[in-house]
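Per-entry structural report
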Amino acid sequence: MQHTATEPQRLIVAITGASGAVYGLRLLQVLQQNPQVETHLLISEAGVLNIHQETGLRRKDVEAFADVVHPVRDIGASIASGSFLSHGMVIAPCSMKTLASVAHGMADNLISRAADVVLKERRRLVLMVRETPFNLAHLRNMTAVTEMGGIIFPPLPGFYHRPSSIDEMIDHTTGRVLDLFNIPHQLTPRWQGMHGADNSRS
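Residues numbered from 1 in each chain as written. Predicted model: local features only at pLDDT ≥ 70, side-chain atom pairs only at ≥ 80, totals over all residues. Heavy atoms only, no water.

Quick word on the packing of helix H1 (residues 21–32) against helix H7 (residues 166–180)
To characterise two packed helices, one gives the angle between the axes of the helices and the distance between these axes. The cut-off we apply is this: To define axes, lines are fitted to C-alpha atoms, for helices over the stretch in contact only, and angles between the resulting N-to-C directions are given on a 0 to 180 degree scale. Under the scheme used here, helices are H or I runs from DSSP no shorter than 4 residues and strands are E runs no shorter than 2 residues, and both carry numbers assigned from the N terminus. With the far helix as reference, a near helix turned anticlockwise by less than a right angle produces a left-handed crossing, and one turned clockwise produces a right-handed crossing. Throughout, a contact is declared for two residues whenever any of their heavy atoms are within 4.5 Å. Charged means Asp, Glu, Lys or Arg here, nonpolar means Ala, Val, Leu, Ile, Met, Phe, Trp, Tyr, Cys or Pro, and polar covers whatever is left, Gly included.
For the pair H1 and H7, interaxial distance at closest approach is 10 Å and the crossing angle is 65 degrees. In the packing of H1 onto H7, the handedness of the crossing is right-handed. Counting all contacts with H1, which are made through Val22, Tyr23, Arg26, Leu27, Val30 and Leu31, the residues of H7 involved are Ile170, Asp171, Thr173, Thr174, Val177 and Leu178. Of the residues assigned to the contact of H1 with H7, the class counts are eight nonpolar, two polar and two charged.

Right, dumping it as structure tokens:
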């Protein structure tokens, strides 16, 4: 995709009702500090409830971290059109309902419509699906989205970097998502191999 030097890197962030609202929140917090990125936020009704349940925050608290906020029912919003240039979209977290809607092209609200646009324009779509265990419908829907070009990214923590807190685990996952969009960050150290950076051949 061609962009001018002065044009911001637009990233659509959606938060749905699955557990893991902190991932979407942390993503917004980090991106707010990056002047090169313009965030467009969507929060489903279930997402609002879950944000409060898991973090104690209200809708307005989360919206304050975004550059632009779109009502989830506003199908006429800018991000509902392929002519609106963006670098892609992250659904963090992504409920199984939203996954199914994207997999079957339902476009029944602005979240699934924006995801549909990202897919049809061959831009990057990342779904941080959050459910366990998965049933066959979940797996088939994830396969369908993958075949359409989307990326299924369950927020599964890694332990090889020996995290000492939940925040470190969240940052590690958030950093991996940012890597998929080539957005620089300092959230987590880079893997240097089992023996570290000094593991060089003599």
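Text resumes after the structure shown.
Here we look at empty space enclosed by the protein
Note the threshold: Definitions used throughout: a 1 Å grid over protein atoms alone; a cavity as a set of points that fits a 1.4 Å probe which cannot get out; a pocket as an open set with protein on both sides within 12 Å along at least five of seven lines; a lining residue as one with an atom within 4 Å of a point. Grid points are joined across faces, edges and corners, and a volume is the space filled by probe spheres set on the points.
This model, assessed by the stated rule, comprises one cavity of 30 Å³ or more. Computed from the structure, the largest cavity encloses a volume of approximately 40 Å³. Along the walls of the largest cavity sit Ile12, Ile79, Ser81, Phe84, Ser86, Ala114, Val117, Val118 and Arg123, which together make up its complete lining. Its residues assigned to classes, the lining of the largest cavity comprises six nonpolar, two polar and one charged.

Section: the sheet that holds strand E2 (residues 37–43)
Using the following cut-off: For two strands to pair, DSSP has to find at least two bridges joining them.
The strand order E3-E2-E1-E4-E5-E6 describes an open sheet built from six strands, whose pairing is parallel. Either end of the sheet is taken by a strand with one partner, and the two such strands are strand E3 (68–69) and strand E6 (151–152). Lying over the sheet, H7 contacts strand E4 (88–94), strand E5 (124–129) and E6, oriented at roughly 160 degrees with respect to E5.

Details of a nonpolar patch on the surface
The line we're drawing: The patches reported here contain residues having more than 30% relative accessible area and no salt bridge. Joining distances are 9 Å for like charges and 5 Å for nonpolar side chains (Val, Leu, Ile, Met, Phe, Trp, Tyr). Methods summary: accessible areas were calculated by the Shrake-Rupley approach with a probe of 1.4 Å, and residue burial reflects only the protein chains presented. In what follows, salt bridge is the name for a side-chain nitrogen of Lys or Arg lying within 4 Å of a carboxyl oxygen of Asp or Glu.
Judged by side-chain polarity, Phe134, Leu136 and Leu139 come together as a nonpolar surface patch covering roughly 260 Å² of accessible area. Here Phe134 lies in the loop between E5 and helix H6 (136–147).

Quick word on the packing of helix H4 (residues 96–103) against helix H5 (residues 110–120)
Threshold: In what follows, roughly perpendicular refers to angles from 65 to 115 degrees, roughly parallel to angles under 35, roughly antiparallel to angles over 145, and oblique to any angle outside these ranges.
As a packed pair, H4 and H5 sit with axes 9 Å apart at the nearest point and diverge in direction by 45 degrees. As judged from the angle between their axes, H4 and H5 are oblique. Crossing of H4 against H5: the hand is right-handed. Of H5, the residues touching H4 (which contributes Thr98, Ser101 and Val102) are Ile111, Ser112, Ala115 and Leu119. Tallied by class, the residues present in the contact of H4 with H5 amount to four nonpolar, three polar and no charged.

Quick notes on the layout of surface pockets
Considering only enclosed or pocket space, the largest pocket measures out at about 310 Å³ in volume. Along its surface, the largest pocket is lined by 15 residues, and Ser44, Glu45, Lys97, Thr98 and Asn109 are the ones closest to its centre. Elements represented by at least two residues in the lining of the largest pocket include exactly helix H2 (45–55), H4 and H5. Here the lining of the largest pocket takes three residues from H4, the largest share from any one element. Counted by class, the lining of the largest pocket contains three nonpolar, eight polar and four charged residues.

Comments concerning unusual backbone geometry
Put simply, the test is: Using a 1.4 Å probe on the protein chains alone, a residue whose accessible area is under 20% of its type maximum counts as buried, one over 50% counts as exposed, and one in between counts as partly exposed.
In this chain, Ala92 is followed by Pro93 through a cis amide linkage whose omega measures 0 degrees. Its place among the elements puts Pro93 in strand E4. Omega for the peptide link from Thr132 to Pro133 comes to -10 degrees, which places this bond in the cis form. Mapped onto the elements, Pro133 comes out in the loop between E5 and H6. If you check the backbone angles, Arg122 has positive phi at about 60 degrees while not being a glycine. Examined against the element boundaries, Arg122 turns out to sit in the loop between H5 and E5. Residue Arg122 is classed as exposed on the basis of its relative accessible area of 71%. Positive phi, normally seen in glycine, also occurs at Arg162, with a value near 55 degrees. Within the secondary structure layout, Arg162 lies in the loop between E6 and H7.

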